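Architecture at a glance
Residues per chain, in single letters:
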Amino acid sequence: QVQLVESGGGLVQAGGSLRLSCAASARTFSTNAMGWIRQAPGKEREFAAAISWSAGSTAYADSVKGRFTLSRDNAKNTVYLQMNSLKPEDTAVYYCAAGPTILSITTTDPKYWGQGTQVTVSS
């Protein structure tokens, strides 16, 4: 069963911005850290960003620090990934992820996976 539903992907020029959204069930949202894992064509999945259930802690991959911002809207059971200053190397399928700890996401081993949304950044 689908636990997480992503939206907001698309095609953008380098330097542009996109905002991804991930809607979760109330239980999933309230009991898990959440974040994003991405996979570029022909490459392994890699951690991008994660946030604790209370939004008190965040973690970002070095490659996205200063450009991506992860936030949670508890009223909407939704997590957002604001992506600014996008680069062609950000092109990937972005998967929403949820797990018991931020570590479960940073290690790309979450409990729940979304279906993914494509982000393409042109040169």
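Residues numbered from 1 in each chain as written. Predicted model: local features only at pLDDT ≥ 70, side-chain atom pairs only at ≥ 80, totals over all residues. Heavy atoms only, no water.

1. Focus on the sheet that holds strand β7 (residues 68–73)
Condition: Only when DSSP finds a minimum of two bridges between them are two strands counted as paired. Helix and strand labels come from DSSP, where a helix needs a run of H or I of at least four residues and a strand needs a run of E of at least two; each type is numbered from the N terminus. Note on method: axes are straight lines fitted to C-alpha atoms, helices fitted across the in-contact stretch only, with angles between N-to-C directions ranging 0 to 180 degrees.
Across the sheet, four strands lie side by side as β1-β3-β8-β7; this open sheet has antiparallel pairing. This sheet does not close on itself; its edge strands, each paired only once, are β1 (4–7) and β7. With direction set aside, neighbouring strand axes in the sheet form an average angle of 15°. In terms of strand pairing, strand β3 (residues 18–24) meets strand β8 (residues 78–83) through six bridges, oriented antiparallel. Along β8, the bridge assignment pairs Ala23 with Thr78.

2. Quick notes on the side chain of Arg67
In plain terms, the rule: Any two residues whose heavy atoms approach within 4.5 Å are treated as being in contact.
Here Arg67 shows up in the loop between β6 (58–60) and β7. If near-sequence neighbours (up to four positions away) are discounted, Arg67 is found in contact with Gln82, Met83, Asn84, Ser85, Leu86, Lys87 and Asp90.

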